[in-house]
Amino acid sequence: MNVYLDLFWTFAKIGACTFGGGYAMLPIVQRELVEKRNWATEEELSDYFAIGQCTPGIIAVNTATFVGHKRKGASGGVAATLGLVFPCLVIIMVIAAFLQNFAQLPVVIHAFNGVRACVCALILSSVLKLFRSSVVDKPTLAIFCVVLVLAAVGTFVTPPPGAAGAVLGFVTSPIVLVVAAGVAGLCVRAAKGGLKK
Amino acid sequence: MIYLRLFFEFFKVGLFSIGGGLATIPFLTDLGSRTDWFTSGDLANMIAVSEATPGPMGVNMATYVGFHLRGIPGGVVATLGLVTPSIIVILIIAGFLKKFRESRAVDAAFYGLRPASTALIAAALLEVCSIALLFHTTAGPEMAPGSHVPRTELFNWPAIALAAVVFLCLREKHLKKLHPIVFIAASAVAGAVFQF
């Protein structure tokens, strides 16, 4: 089979079989890529996941690009990534189209109100897990608190018109907060002398 | 040019959301508040659908938002916007993989980025909770939780109780191994049966 088609098809299967993304897809990726196809070793895969976590973007997409790139260069990376997202596109569009037609039915509204409550619990549970792995000492706790307060203000306070509102909008924007936190991490480590070899 | 705007907005989401699919949620709440593309109520529904369907959550969210706005081309454009920064960044890094992995500066930046990403998700959680567990006038007319009850009521007690039950199940040793879709399906049934 054509190499690109093979990449596309393999990652389409992975995309269709994983729920939730991130580490949830690791077992399926291992079976498909390491055991069945020998496209990557266990070590390479764990490297890809580690780098996927510390680069921008969705971990699953980053991993697909890595493996595709290793097989067939840049165009291989694109083929693998398109394969990964293809089933999502189809499935979500079918569901979204279906929901658009049935969203007005009382039973659908009630069901979704129940599901929303469930989503709160699911996200809270994930946040607690993330908190344990990301907040490891006092500086990271400080970053967590500052970002949480600013992001919550940005979410719930409508900025007043004028310069004050513009400043408030800027310091509570998620992009600004992410960049500032990265710089803060560098500064803390530099102050501790952790950047020298 | 709505498609260009859609691509650019999701390009930004892909570029700045660090980690898994949940990390896209704060950027999407921000996007929803800056545009009239979707309400926070829509977003809560999209999160539920994205968690309950296969595929990386971030990709599902992008497809859903794009489709919601402009049908099939919208879904495709938003998804391509989301994955483009990943492709570019990874193709660049793939050349000097080892160096990147061992760089102390990268490690230090991510030491700061991880708690920030967690905090952003926590803030987004507060917004989702306020939509799902409180009565609102802003939650979108067609999906307003409990729109049949007087507005003076603030807390949606049945929803709070359901969220608490699911949360306790997620901490229980045997139940937490179950797939999230089980909890989502059970909650949909509970919502439909008890008329949330």
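Here, every reference points to the structure presented above.
Calculation criteria
- Residues numbered from 1 in each chain as written.
- Chains lettered and ligands numbered in written order.
- Predicted model: local features only at pLDDT ≥ 70, side-chain atom pairs only at ≥ 80, totals over all residues.
- Heavy atoms only, no water.
- Helix = DSSP H or I, 4+ residues; strand = E, 2+ residues; numbered from the N terminus.
- Rg over C-alpha atoms; globule rule 2.2 N^0.38 Å.
- Buried < 20%, exposed > 50% of the residue type's maximum accessible area, 1.4 Å probe, protein only.
- Contact = heavy atoms within 4.5 Å.
- Areas by Shrake-Rupley, 256 points an atom, 1.4 Å probe, with all protein chains shown as cover.
- Lys, Arg positive; Asp, Glu negative; His and termini not counted.
- Charge placed at Lys NZ, Arg CZ, Asp CG, Glu CD.
- Buried area = accessible area lost by both parts, 1.4 Å probe.
- Salt bridge = Lys/Arg side-chain N within 4 Å of Asp/Glu carboxyl O.
- Polar contact = N/O pair within 3.5 Å; in protein donor to acceptor, adjacent residues only side chain to side chain.
- Nonpolar A, V, L, I, M, F, W, Y, C, P; charged D, E, K, R; others polar.
- Axes fitted to C-alpha atoms, helices over the stretch in contact; angles between N-to-C directions.
- Parallel < 35°, antiparallel > 145°, perpendicular 65-115°, else oblique.
- Left-handed = near helix turned anticlockwise from the far one by under 90°.
- Patch = residues over 30% accessible without salt bridge, like charges linked within 9 Å, V, L, I, M, F, W, Y side chains within 5 Å.

### Details of the overall build of chain A
When helices and strands are counted, chain A shows eight helices and two strands. Moving toward the C terminus, one meets the helices and strands of chain A in the order α-β-α-α-β-α-α-α-α-α. Here the C-alpha atoms of chain A give a radius of gyration of 21 Å, more than 25% beyond the 16 Å that 2.2 N^0.38 yields for 197 residues. Its C-alpha atoms give chain A principal-axis dimensions of about 65 × 60 × 30 Å. Burial analysis of chain A (197 residues in total) assigns 45% to the buried set. Expressed as a percentage of contacts within chain A between residues at least 6 apart in sequence, the contacts between residues at least 24 apart total 44%. With the model as given, the accessible surface of chain A reaches about 9100 Å², and the carbon-plus-sulfur share is 70%. Chain A carries 15 positive and 8 negative side-chain charges, and their two centres are separated by 9 Å.

### Points about the interface of chain B and chain A
Contacts between chain B and chain A engage 101 residues on the former and 94 residues on the latter. Of the roughly 8600 Å² buried between chain B and chain A, counting both surfaces, carbon and sulfur atoms make up 78%. Of all residues in chain B, B:Ile90, B:Arg104 and B:Tyr111 bury the most surface against chain A, accounting for 9% of the area lost on that side. Taken together, chain B and chain A are joined by one salt bridge. When the shortest N-O distance is used, the salt bridge between B:Asp107 and A:Arg189 registers 3.0 Å. Taken together, chain B and chain A are joined by nine residue pairs in polar contact (both at pLDDT 80 or more). Residues belonging to the side of chain B that touches chain A are distributed by class as follows: 66 nonpolar, 24 polar and eleven charged.

### Description of the packing of helix H3 (residues 40–52) of chain B against helix H4 (residues 57–94) of chain B
Each pair of packed helices gets described by two things: the angle between the helix axes and the distance between those axes. Residues and elements named next belong to chain B. The N-to-C vectors of H3 and H4 enclose an angle of 135 degrees; their axes lie 9 Å apart at closest approach. Taken together, the axes of H3 and H4 are oblique relative to one another. Handedness of the H3/H4 crossing: right-handed. Contact residues: Asp42, Leu43, Met46, Ile47, Val49, Ser50 and Glu51 in H3; Met57, Asn60, Met61, Tyr64, Val65 and His68 in H4. Of the residues belonging to the contact of H3 with H4, the class tally is eight nonpolar, three polar and two charged.

### With respect to unusual backbone geometry
Positive phi outside glycine occurs at A:Asn38, with the angle close to 55 degrees. Even without being a glycine, B:Gln195 presents a positive backbone phi close to 55 degrees.

### Considering a nonpolar patch on the surface
On the surface, a nonpolar cluster with roughly 350 Å² of combined accessible area is contributed by A:Phe98, A:Phe102, A:Leu105 and A:Val107. In this fold, A:Val107 is placed in helix H5 (residues 106–134).

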